[in-house]
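# Analysis of the macromolecular model
Listed below, chain by chain, are the residues.
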There are 2 protein chains.
Amino acid sequence: MSVVVLAHEQFPDRAKTALGLLRYGDREVVAVLDRDNAGDRVRDHVPDVQDAPIVASMADAPDCDELVIGIAPIGGGFEESWRPDVRTAMERGCDVTAGLHYFLAEDDEFATLAERHDCTLTEVRRPPDDLTVAEGTASQVDAAVVTTVGTDCSTGKMTTAYALRDAARERGVDAAVVPTGQTGIMIDGAGIAIDRTVSDFAAGAVERMIHERADHDLLLVEGQGALAHPAYSGVTLAILHGSQPDALLMTHVAGREVVHGFEDFALPPVDEYARLYESVAAPVRETSVVAGALNTSHLDPDAARAAVEGYADDLGTPAVDPVRDDPGPVLDAILDAVDSSA
Amino acid sequence: MSVVVLAHEQFPDRAKTALGLLRYGDREVVAVLDRDNAGDRVRDHVPDVQDAPIVASMADAPDCDELVIGIAPIGGGFEESWRPDVRTAMERGCDVTAGLHYFLAEDDEFATLAERHDCTLTEVRRPPDDLTVAEGTASQVDAAVVTTVGTDCSTGKMTTAYALRDAARERGVDAAVVPTGQTGIMIDGAGIAIDRTVSDFAAGAVERMIHERADHDLLLVEGQGALAHPAYSGVTLAILHGSQPDALLMTHVAGREVVHGFEDFALPPVDEYARLYESVAAPVRETSVVAGALNTSHLDPDAARAAVEGYADDLGTPAVDPVRDDPGPVLDAILDAVDSSA
């Protein structure tokens, strides 16, 4: 599977999905579309990901199986300047994947082209229409299940899951992520956006994804939201109970003390927060927080190191910043925990 | 507002919505449609609810503003034998409300009749299409907010909310229920089925309903599911955090020890369960379980009385069976709690 990623005018810093595909994707990225940086290569901008040429348009891109819209404007609409690229891709028979509020299949031109050229249009925000309520069976799979939970939104739950997947694979463990949000779904090419499901089916959607991936040895479930979040806690708990994890990893942003965007709400202290996750999980699945991941991207290296050490002390578990540090110590803790629970 | 309730062949025992409308509805029920009991009156079958004639068809019913489909076959489909009643109602200009999986507005005949006779078709399972994420503001309303939570599904959360509403009104307190499920929505004629919303918007939908009802003195939020339920806990927590309650009441079924339909999952002991609700609520809103309601419908009176006493002891709060008992002691505890938190 080869993909082209559309990231016009936003590569690399505002193209989270494009970077995710380059850093963690299993598929070969054969080109990035960015009219501002055409002629460069990915590695000219981001050193530690798979390399690819940056080209101005789909007409300049090599053959591929799929075009992924790797950016989203505020509001999630379709940017008309992308239309020629999407048109060209479909005329070449490529599938197209997007995570916009605007559904490509409801665009007359794209619907016609998809039919004519036999292209699959995938909208990662749209959940499958045959979801059901959970049956409480996720823990029955042979795979070890580890869920990343957080003290808040945007604390690194997805990034940590992929970093641990890659570290596990380097040790020969057959690991996979269970993607629950649109960036993860685009990276994996599969998954369900749990926050878009009917609320009654959210836990069932997670359970279904775990059964579909049960032939791996280690499943890293991408959590969403946070258990003490005033708006998103329902999604968080549906993932926690739907995944019935053998172990939890808790993510946090160094120094964050209140819920982002909801500044009247203080975050519980991290050790208390970890105990809260464990006590709510327990009636469905006894589990515990065995590791931590800290986002220190806003700190200098010395402050980051101190923050990670402080976080590990507070949690009473190993912790790393999965972007700066070798995730080895955290992976060790996770593999120990799931071995002993197996 | 006057309503006719369709309950063919299921009145009274399998007509939960019809009974709810008769027992708790603010609108006058002018007839019940039940071809099996035509000629009887409601009070011939159910003594303690508003009375109405039972008639065989809509053609025999008096004038009304609205026809409510008060029963649902397994699977939630539309029963073709109801078609003449729905047709007659619309030809007489009545609105029609249903909670089926089958949407009346998607039926060609009903859509045509609704347009011709200016009837509103309300599908209580379908959430509004302009829901948003919660802003964390429910606690800012002047009304006192009490949320009914449970140890499991079908433990009496809706019934208790309505029983307390009526007891509060008898004392002159302007109380209202915030309906979150389809029976409550039909009883009130308004509300949002939280289990059918997009999961990201579930807490926001509850918050919106609280703001819409903020001019009452006491709001009784109908909880759904249970915090330790393997499938529905996400909906439960969205309601708990979205409603930011001043106090909680916990419902339970006497003798139930495992999750109904999920028998591998034991219910936590009731006192532990109450503490779990409180600790998960706390980061968003400090609150506590101040009363209990026990469903003892399967017990004889002596056993029921002993069970309620035992439940009150376990919880350390007043408790009643809201169907058998005067809810006074529980209402006292709730009014004391919300007064002291105001």
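Each value, and the rule that gives it
- Residues numbered from 1 in each chain as written.
- Chains lettered and ligands numbered in written order.
- Predicted model: local features only at pLDDT ≥ 70, side-chain atom pairs only at ≥ 80, totals over all residues.
- Heavy atoms only, no water.
- Salt bridge = Lys/Arg side-chain N within 4 Å of Asp/Glu carboxyl O.
- Helix = DSSP H or I, 4+ residues; strand = E, 2+ residues; numbered from the N terminus.
- Buried < 20%, exposed > 50% of the residue type's maximum accessible area, 1.4 Å probe, protein only.
- Pairing = 2+ DSSP bridges.
- Contact = heavy atoms within 4.5 Å.
- Axes fitted to C-alpha atoms, helices over the stretch in contact; angles between N-to-C directions.
- pLDDT = per-residue confidence, 0-100.
- Parallel < 35°, antiparallel > 145°, perpendicular 65-115°, else oblique.
- Left-handed = near helix turned anticlockwise from the far one by under 90°.
- Nonpolar A, V, L, I, M, F, W, Y, C, P; charged D, E, K, R; others polar.
- Phe/Tyr/Trp six-rings, centres within 6.5 Å; stacked < 30°, edge-to-face > 60°.
- Least-squares fit on C-alpha atoms with pLDDT ≥ 70 in both.

## Some words on the pattern of salt bridges
Going through the model one piece at a time under the given rule, you end up with 44 salt bridges over all chains. We note a salt bridge from Arg 275 of chain A to Glu 278 of chain A, for which the minimum N-O separation is 2.8 Å. With a gap of 3 residues between them, Arg 275 of chain A and Glu 278 of chain A both fall in helix H8 (residues 270-281), about one helical turn apart. What makes Arg 275 of chain A partly exposed here is its relative accessible area of 37%. We note a salt bridge from Asp 152 of chain B to Arg 256 of chain B, for which the minimum N-O separation is 2.9 Å. Of this pair, Asp 152 of chain B sits in the loop between strand E7 (144-150) and helix H5 (157-170) while Arg 256 of chain B sits in the loop between strand E10 (247-253) and strand E11 (258-259); the two residues are 104 residues apart in sequence, bridging distant segments of the chain. One salt-bridge network, held together by shared partners, links Glu 80, Arg 83, Arg 87, Asp 107 and Glu 109 of chain A.

## Here we look at the sheet that holds strand E4 (residues 66-69) of chain A
Residue and element names in this part refer to chain A. Taking strand neighbours across the sheet as the criterion, the 6 strands line up as E3-E2-E1-E4-E5-E6 in an open arrangement whose pairing is parallel. Two strands in the sheet have a free side with no partner beyond their single neighbour: strand E3 (54-55) and strand E6 (121-123). Sheet topology note: the strand E1 (residues 2-6)/strand E2 (residues 28-33) ladder contains 5 bridges and is parallel. Paired with Val 3 across the two strands is Val 29, which belongs to E2. Sheet strands in contact with helix H1 (residues 16-24) are E1, E2 and E4, and its direction is about 155 degrees off that of E2.

## A short note on the confidence of the model for chain A
Mean pLDDT over chain A works out to 95, with 99% of the residues at or above the 70 mark. Scored by ipTM, the complex comes to 0.93, with pTM at 0.94.

## Re the packing of helix H2 (residues 83-91) of chain A against helix H3 (residues 108-117) of chain A
Two measures define how a pair of helices packs: the angle their axes make with one another and the distance between the axes. Residues and elements named next belong to chain A. The contact between H2 and H3 brings their axes to 9 Å, and the two run at 15 degrees. Taken together, the axis directions place H2 and H3 in an arrangement best described as roughly parallel. You can see that H2 and H3 cross each other, and the crossing is left-handed. Of the residues in H3, those touching H2 at Arg 83, Val 86, Arg 87, Met 90 and Glu 91 are Glu 109, Phe 110, Leu 113, Ala 114 and His 117. Class assignment for the residues of the contact of H2 with H3 results in 5 nonpolar, 1 polar and 4 charged.

## A short note on the packing of aromatic side chains
Taken as a whole, this structure holds 10 aromatic pairs over all chains when the rule is applied. Ring geometry for Phe 78 of chain A versus Trp 82 of chain A: centroids 5.6 Å apart, planes at 85 degrees, classification edge-to-face. Since its relative accessible area comes to 12%, Phe 78 of chain A is described here as buried. Classification of Trp 82 of chain A by relative accessible area gives buried; the value is 4%. The interplanar angle of 25 degrees and the centroid separation of 5.3 Å between the aromatic rings of Tyr 24 of chain B and Tyr 162 of chain B together place this pair among those described as stacked.

## Observations regarding the relation of the copies chain B and chain A
By a simple turn and slide, chain B fits onto chain A: the slide is 0.0 Å along the axis, the RMSD is 0.0 Å, and the turn is 180 degrees. Between the two chains, the operation in question is that of a two-fold axis. Taken as a fraction of all interface residues of chain B, those also at the interface in chain A reach 100%, which identifies the copy contact as same-surface.

## Side note on the sheet that holds strand E13 (residues 289-295) of chain B
Residues and elements named next belong to chain B. As summarised here, the arrangement of the 6 strands in space is E8-E9-E7-E10-E13-E14, forming an open sheet in which the pairing is parallel. Strand pairing shows two members of the sheet lacking a second neighbour, strand E8 (175-178) and strand E14 (319-320), which therefore form its edges. The sheet contact formed by E13 and E14 spans 2 bridges and is parallel. Considered in E14, the bridge of Gly 292 is made with Ala 319. The sheet contacts of helix H9 (residues 270-281) involve E7, E10 and E13, and relative to E10 the element is tilted by about 145 degrees.

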